[in-house]
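Each chain, written out:
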Amino acid sequence: GETPEEALSREFIEECGVAVAPQDWRPVLVVKHEHYMLQVFCATSDMISMARTTEKEPISVNKVKQVVNLCQNNPSAFVPEFLEYIEKSLKVLSD
């Protein structure tokens, strides 16, 4: 089977057309819930400006702080826990 980082690398190139090596993904946050487990990873790439959709879904590249502002300004557009996860991720990234 694949590690989460290997799956991220595979999916990222399939979905966005940008290759990020498995070892370049950094675990940021793990949230264990009764019905699911959420793992948040981050990576940096000089190729991020080349990201494009390979599906019929829009993609966007955002800074984490922009996502926090979006959540705070439009909370009904996100599941309640999303802002909490983003804020926790931002804290880990800034440590």
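Looking only at helices and strands, one finds three helices and two strands in the protein chain. Secondary structure of the protein chain in N-to-C order comes out as α-β-β-α-α. Viewed in the frame of its principal axes, the protein chain has a C-alpha envelope of about 30 × 30 × 30 Å. Within the protein chain, buried positions represent 16% of all 95 residues. Taking the contacts inside the protein chain whose residues are at least 6 apart along the sequence as the reference set, 43% of them involve residues at least 24 apart.

Turning our attention to the confidence of the model for the protein chain. Averaged over the protein chain, the pLDDT score is 84; the fraction of residues at 70 or greater is 99%. Ranking the elements of the protein chain by mean pLDDT puts helix α3 (residues 80–94) last with 78 and helix α1 (residues 4–16) first with 93.

Another aspect to go through is the environment of E55. Here E55 lies in the loop between β2 (37–42) and α2 (64–73). The class of E55 is partly exposed, set by a relative accessible area of 42%. Those residues in contact with E55 that lie beyond four places of it in its chain are E14 and E15.

All right, on to the pattern of salt bridges then. Pairing is possible between side chains of opposite charge, provided their charged atoms come close. Scanning all chains against the criterion turns up three salt bridges. We note a salt bridge from R10 to E2, for which the minimum N-O separation is 2.7 Å. Residue classification places R10 among the partly exposed residues on the basis of a relative accessible area of 33%. Judged by its relative accessible area of 44%, E2 is partly exposed. Several salt bridges converge on common partners, so that one network encompasses E2, R10, E11 and E14.

How each quantity is defined
- Residues numbered from 1 in each chain as written.
- Predicted model: local features only at pLDDT ≥ 70, side-chain atom pairs only at ≥ 80, totals over all residues.
- Heavy atoms only, no water.
- Helix = DSSP H or I, 4+ residues; strand = E, 2+ residues; numbered from the N terminus.
- Buried < 20%, exposed > 50% of the residue type's maximum accessible area, 1.4 Å probe, protein only.
- Contact = heavy atoms within 4.5 Å.
- pLDDT = per-residue confidence, 0-100.
- Salt bridge = Lys/Arg side-chain N within 4 Å of Asp/Glu carboxyl O.

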